[in-house]
Amino acid sequence: MSTTMSASKNASAKPAAPRGKRKLSYPLVLLLIAGGLLLLSLVRAVTGDEQLSNSQQFSSALGAAVPIGLAGLGGLWAERAGVINIGLEGMMMLGTFAAGWIGWQYGPWAAILAGIIGGALGGLLHALATVTFGVDHIVSGVAINILALGLVRYLAKLWFGAEGSEAAAAGGNDKQSPPMDSMPTLTVPGLADGLGSIEKHHWFLVSDLAGILRALVHEVSWVTVLTALLFVGSFFVLWRSSFGLRLRSCGENPVAAESLGVNVYTYKYAALAISGALAGLGGAFLAVGVHIYQENQTGGRGYIGLATMIFGNWRPGGVAMGAGLFGFMDALRVVGGGTTVHAMLLLMAVLLVALAVWKLRSGVRGARIQAAVSLVIAVLLVLWYALTDTVALEFVEMTPYVTTLLVLSLAAQRLRAPRAIGKSYRRGEGT
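Figured I'd write up the structure that's included with this text. (Residues numbered from 1 in each chain as written. Predicted model: local features only at pLDDT ≥ 70, side-chain atom pairs only at ≥ 80, totals over all residues. Heavy atoms only, no water.)

1. Thoughts on the overall build of the protein chain
Line of reasoning, step 1. Secondary structure summary: the protein chain contains 18 helices and 2 strands in total.
Line of reasoning, step 2. Relative to the 2.2 N^0.38 estimate, which gives 22 Å for 431 residues, the radius of gyration of the protein chain is 24 Å and therefore close to what a compact globule would have.
Line of reasoning, step 3. With the principal axes as the frame, the protein chain shows a C-alpha extent of 95 × 65 × 40 Å.
Line of reasoning, step 4. Across the 431 residues of the protein chain, 45% fall into the buried class.
Line of reasoning, step 5. If you take every contact in the protein chain between residues at least 6 apart in sequence, the share linking residues at least 24 apart comes to 78%. (Helix = DSSP H or I, 4+ residues; strand = E, 2+ residues; numbered from the N terminus. Rg over C-alpha atoms; globule rule 2.2 N^0.38 Å. Buried < 20%, exposed > 50% of the residue type's maximum accessible area, 1.4 Å probe, protein only. Contact = heavy atoms within 4.5 Å.)

Have a look at this one:
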């Protein structure tokens with residue numbers, strides 16, 4: 001009897017939550033953002049580099065983050081339905097080309113729509129290969145990237161560079177489309193100018209916050225506004241609707257989903273069409289931003305978007321944070337240059353020290369080794385900052401990619417992909 005009661009107590013007892021696995025709540029996220037802003041202001045004041053937190057820096061970061069964020073969001077939709085989408089890069093290529101082709105004839109808004117359609121067609125092709133014919137997801141994605149690259153090059157020669165064609169007369173050639181009109185931007189009158197005047201005073205924290213806010217209200221692309229709405233909408237659709245619940249069940253356990261009446265094929269097709277459309281929108285943003293389609297315009301952003309999706313743990317908020325981080329580092333490279341990246345060495349050193357302290361307090365196995373490595377790297381960064389005045393151009397070009405690798409390596413222990421991701425599924429397996 002006592003044994004039965006003991007077993008019953010053990011069964012009903014809640015398992016202890018593992019240390020170091022605390023879930024990030026929204027207040028904690030806001031606290032971390034506030035701490036990051038305070039640290040950025042402090043580094044700006046110590047180094048004297050005003051480029052770190054001015055509105056130009058954050059406007060450039062926002063522009064760099066949008067296509068990567070859209071690619072990452074597209075990957076999230078696909079992988080939540082259980083399909084790995086390595087083909088995001090190719091879908092972005094199709095979006096850039098379609099935008100360039102339609103944009104010079106009908107304007108930037110038509111270019112955006114064309115980019116969405118071009119990317120969606122790439123997503124449906126991936127769905128046809130992986131869902132209907134059961135092709136390995138990685139093989140299909142790589143094939144789409146190769147196919148898209150060859151297709152856009154061929155069509156560019158055929159439609160933009162043909163001798164005597166209307167496109168060639170308008171300025172097109174084998175490598176680019178004719179220019180399209182500019183897309184109007186959003187500026188909040190009064191508020192943008194007021195924040196700009198506060199920013200110019202270079203007050204500690206206040207001016208830094210004004211610079212960030214001004215970037216959000218001064219000459220903002222309408223595609224950026226649409227992207228923010230898509231992130232919010234994706235969260236509510238995937239986590240607050242029956243459609244999203246069914247779609248995510250296809251990525252967790254498609255056999256169980258089918259047994260409950262979910263048409264798994266339909267949801268996978270829908271997810272990949274949306275995935276491709278989002279990637280195509282990211283490609284169209286690139287073309288509209290510089291007014292033309294150019295060869296190799298995506299520059300690997302589809303792959304980086306896939307990395308931000310993994311860093312973001314397959315959640316829209318995490319994808320947005322990852323895209324913002326990469327966009328900020330990319331903007332440092334483009335806008336600030338070697339001196340600004342040099343100032344960032346000090347900021348990264350402080351962050352590594354904070355990481356080491358957090359690792360030591362977590363009590364997780366192997367945390368001491370990680371903390372020691374973080375402290376060693378922090379010391380090396382401080383020495384690098386103290387002994388130099390700038391950063392070599394070669395390293396400046398590498399900064400965004402090195403940052404992506406470091407963040408992914410640090411976040412790897414907390415990731416959980418959908419359980420059925422990448423697994424082949426045939427209708428009727430559960431019967």
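2. With respect to empty space enclosed by the protein
Line of reasoning, step 1. Tallied over the entire structure, the rule returns 2 cavities of 30 Å³ or more.
Line of reasoning, step 2. Taken as a whole, the largest cavity encloses approximately 80 Å³ of empty space.
Line of reasoning, step 3. Along the walls of the largest cavity sit 10 residues, with Thr308, Gly322, Leu325, Thr404 and Val407 positioned nearest its centre.
Line of reasoning, step 4. The set of elements that each furnish at least two residues to the lining of the largest cavity consists of helix H14 (301-311), helix H15 (316-336) and helix H18 (393-411).
Line of reasoning, step 5. Among the elements that line the lining of the largest cavity, the one with the most residues is H18, at 4 residues.
Line of reasoning, step 6. Looking at the lining of the largest cavity residue by residue, the classes come out as 6 nonpolar, 4 polar and no charged. (1 Å grid on protein atoms, 1.4 Å probe; cavity = no way out; pocket = protein on both sides within 12 Å on 5 of 7 lines; lining within 4 Å. Points joined across faces, edges and corners; volume = space filled by probe spheres on them. Nonpolar A, V, L, I, M, F, W, Y, C, P; charged D, E, K, R; others polar.)

3. Topic: the layout of surface pockets
Line of reasoning, step 1. Put simply, the second largest pocket is a space of about 780 Å³.
Line of reasoning, step 2. Put simply, the parts of the chain that give the lining of the second largest pocket at least two residues each are helix H3 (55-80), helix H9 (206-217), strand E2 (220-221), helix H10 (222-240), helix H13 (264-290) and H15.
Line of reasoning, step 3. Among the elements that take part in the lining of the second largest pocket, H3 stands out by supplying 8 residues, more than any other.

4. Observations concerning the pattern of salt bridges
Line of reasoning, step 1. Throughout the structure, instances matching the rule amount to 6 salt bridges.
Line of reasoning, step 2. Linking Asp208 and Arg44 is a salt bridge whose minimum nitrogen-to-oxygen distance equals 2.8 Å. With Asp208 in helix H9 and Arg44 in helix H2 (residues 26-47), the pair connects residues that are 164 residues apart, well separated along the chain.
Line of reasoning, step 3. Accessibility expressed as a relative area gives 1% for Asp208, which makes it buried.
Line of reasoning, step 4. Looking at Arg44, the relative accessible area reads 5%, which means it is buried.
Line of reasoning, step 5. The shortest N-O distance in the salt bridge between Arg416 and Glu252 comes to 3.0 Å. Taken together, the positions of Arg416 in the segment after H18 and Glu252 in helix H11 (residues 242-252) put the pair 164 residues apart, joining distant regions of the chain.
Line of reasoning, step 6. When its relative accessible area of 21% is taken as the criterion, Glu252 is described as partly exposed.
Line of reasoning, step 7. Connected via shared salt-bridge partners are Arg80, Glu252, Arg416 and Arg419. (Salt bridge = Lys/Arg side-chain N within 4 Å of Asp/Glu carboxyl O.)

5. Looking at the environment of Ala114
Line of reasoning, step 1. Following the sequence through the fold, Ala114 ends up in helix H5 (residues 108-132).
Line of reasoning, step 2. The spacing of Ala114 and Thr96 is 18 residues in sequence and 8.9 Å in space, taken between C-alpha atoms.
Line of reasoning, step 3. Sequence-distant contacts of Ala114, that is, excluding residues within four places in its chain, are made with Ala98, Ala99 and Ile102.

6. Things to note about the nonpolar core
Line of reasoning, step 1. Membership of the largest hydrophobic core comes to 49 residues, with the highest contact counts inside it found for Ile112 and Leu247.
Line of reasoning, step 2. Tallying contributions element by element places H13 first for this core, with 13 residues.
Line of reasoning, step 3. By size, the runner-up hydrophobic cluster in this structure holds 23 residues, among which are Val43, Ala215, Ala378 and Val396. (Core = buried A, V, L, I, M, F, W, Y, C linked by side-chain atoms within 4.5 Å.)

7. Remarks on the side chain of Arg214
Line of reasoning, step 1. For Arg214, the location among the structural elements is in helix H9.
Line of reasoning, step 2. Only 3.0 Å separates the side chain of Arg214 from the backbone oxygen of Ala192, close enough to count as a polar contact.
Line of reasoning, step 3. In contact with Arg214, not counting residues within four places along its chain, are Ser55, Ala192, Leu195, Gly196 and Glu199. (Polar contact = N/O pair within 3.5 Å; in protein donor to acceptor, adjacent residues only side chain to side chain.)

8. Quick notes on the side chain of Ser207
Line of reasoning, step 1. Relative to the assigned elements, Ser207 resides in helix H9.
Line of reasoning, step 2. Given the relative accessible area of 3%, Ser207 is considered buried.
Line of reasoning, step 3. Looking at Ser207, its side chain comes within polar contact range of the main-chain oxygen of Ile198, at 2.9 Å.
Line of reasoning, step 4. In this structure Ser207 touches Ile198, Glu199, His201 and His202, once residues within four positions along its chain are discounted.

9. Here's the deal with the environment of Leu325
Line of reasoning, step 1. Residue placement: Leu325 occurs in helix H15.
Line of reasoning, step 2. The class of Leu325 is partly exposed, set by a relative accessible area of 31%.
Line of reasoning, step 3. Distance in space between the C-alpha atoms of Leu325 and Ala65 is 7.9 Å, their sequence separation being 260 residues.

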